[in-house]
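A structural walkthrough
Residues per chain are reported as follows:
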Amino acid sequence: TTTSYSVSRNGTNGANGADAFNIAIISSNGTIFKNTEIATTLTAKVFKGATELTGSALTSAGTIKWYKDGSSTALAVHLLLQLEISQIAEVMSHS
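Residues numbered from 1 in each chain as written. Predicted model: local features only at pLDDT ≥ 70, side-chain atom pairs only at ≥ 80, totals over all residues. Heavy atoms only, no water.

Some words on the overall build of the protein
As a reminder, the rule being used: For helices the rule is a DSSP run of H or I covering at least 4 residues; for strands it is a run of E covering at least 2, with both sets numbered from the N terminus onward. Note on classification: 1.4 Å probe, protein chains only; a residue is buried when its accessible area is under 20% of the maximum for its type, exposed when over 50%, partly exposed between these limits. What makes two residues a contact is simply this: any of their non-hydrogen atoms within 4.5 Å. Surface exposure here means Shrake-Rupley accessible area, sampled with a 1.4 Å probe, where a residue is shielded only by the protein chains that are shown.
A count of helical and extended segments in the protein gives 1 helix and 4 strands. Going from the N terminus to the C terminus, the protein shows its helices and strands as β-β-β-α-β. Out of the 95 residues belonging to the protein, those deemed buried represent 22%. Of all intrachain contacts in the protein linking residues separated by at least 6 positions in sequence, the fraction that spans at least 24 positions is 48%. Summed over all atoms, the accessible surface of the protein reaches about 6900 Å², with 48% contributed by carbon and sulfur.

Structure representation (structure tokens):
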């Protein structure tokens with residue numbers, strides 16, 4: 001099973017490292033699910049340099065969109081994505 005994430009942003013170059021964006025994806029119930037019920041919430045945490053962005057700072061930086069298996073239609077447009085077994089056929093990746 002492969003999980004892939006991609007990020008894109010149009011903007012100006014900033015100071016090395018200080019203006020770098022990093023996104024951490026955290027699962028509330030682990031990252032590997034096999035032959036069991038799946039109930040997990042994926043949470044995106046966005047950092048600019050070492051500072052986590054929240055509120056208006058996050059809004060001005062852009063939008064988090066979740067996509068399933070290379071689809072061009074976003075499943076969700078916010079920091080959280082809840083997954084359950086009924087949403088998954090066999091193998092699935094989110095980006």
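What about the environment of Tyr67?
Along the polypeptide, Tyr67 turns up in the loop between helix H1 (55-61) and strand S4 (80-84). Judged by its relative accessible area of 22%, Tyr67 falls in the partly exposed class. As a C-alpha pair, Tyr67 and Val77 span 10 residues in sequence and 9.4 Å in three-dimensional space.

A word on the side chain of Thr40
Counted only if it meets this: Any pair of N or O atoms that falls within 3.5 Å is considered a polar contact. Within protein, one atom must be able to donate a hydrogen and the other to accept it, and sequence-neighbouring residues count only if both atoms are side-chain atoms.
Here Thr40 shows up in strand S2 (residues 39-48). Thr40 sits in the buried class, given a relative accessible area of 4%. A polar side-chain atom of Thr40 sits 2.6 Å from a polar atom in the side chain of Ser27. A polar contact is formed between the side chain of Thr40 and the backbone nitrogen of Asn29, at a distance of 3.1 Å.

Some thoughts on the environment of Ser60
Its place among the elements puts Ser60 in helix H1. For Ser60, a relative accessible area of 60% gives the class exposed. Polar contacts involving the side chain of Ser60 include one to the main-chain carbonyl oxygen of Ala57, which spans 3.1 Å.

A look at the nonpolar core
Heads up, the rule is: Buried Ala, Val, Leu, Ile, Met, Phe, Trp, Tyr and Cys residues that are joined via side-chain atoms within 4.5 Å together make up what is termed a nonpolar core.
Leu42, Ala44, Val46, Leu53, Leu58, Ala61, Ile64, Trp66, Ala76, Leu81 and Leu83 form the largest nonpolar core, which has 11 residues in total. If near-sequence neighbours (up to four positions away) are discounted, Leu42 is found in contact with Ile25, Ile26, Ser27, Trp66, Leu79, Leu80, Leu81 and Leu83.

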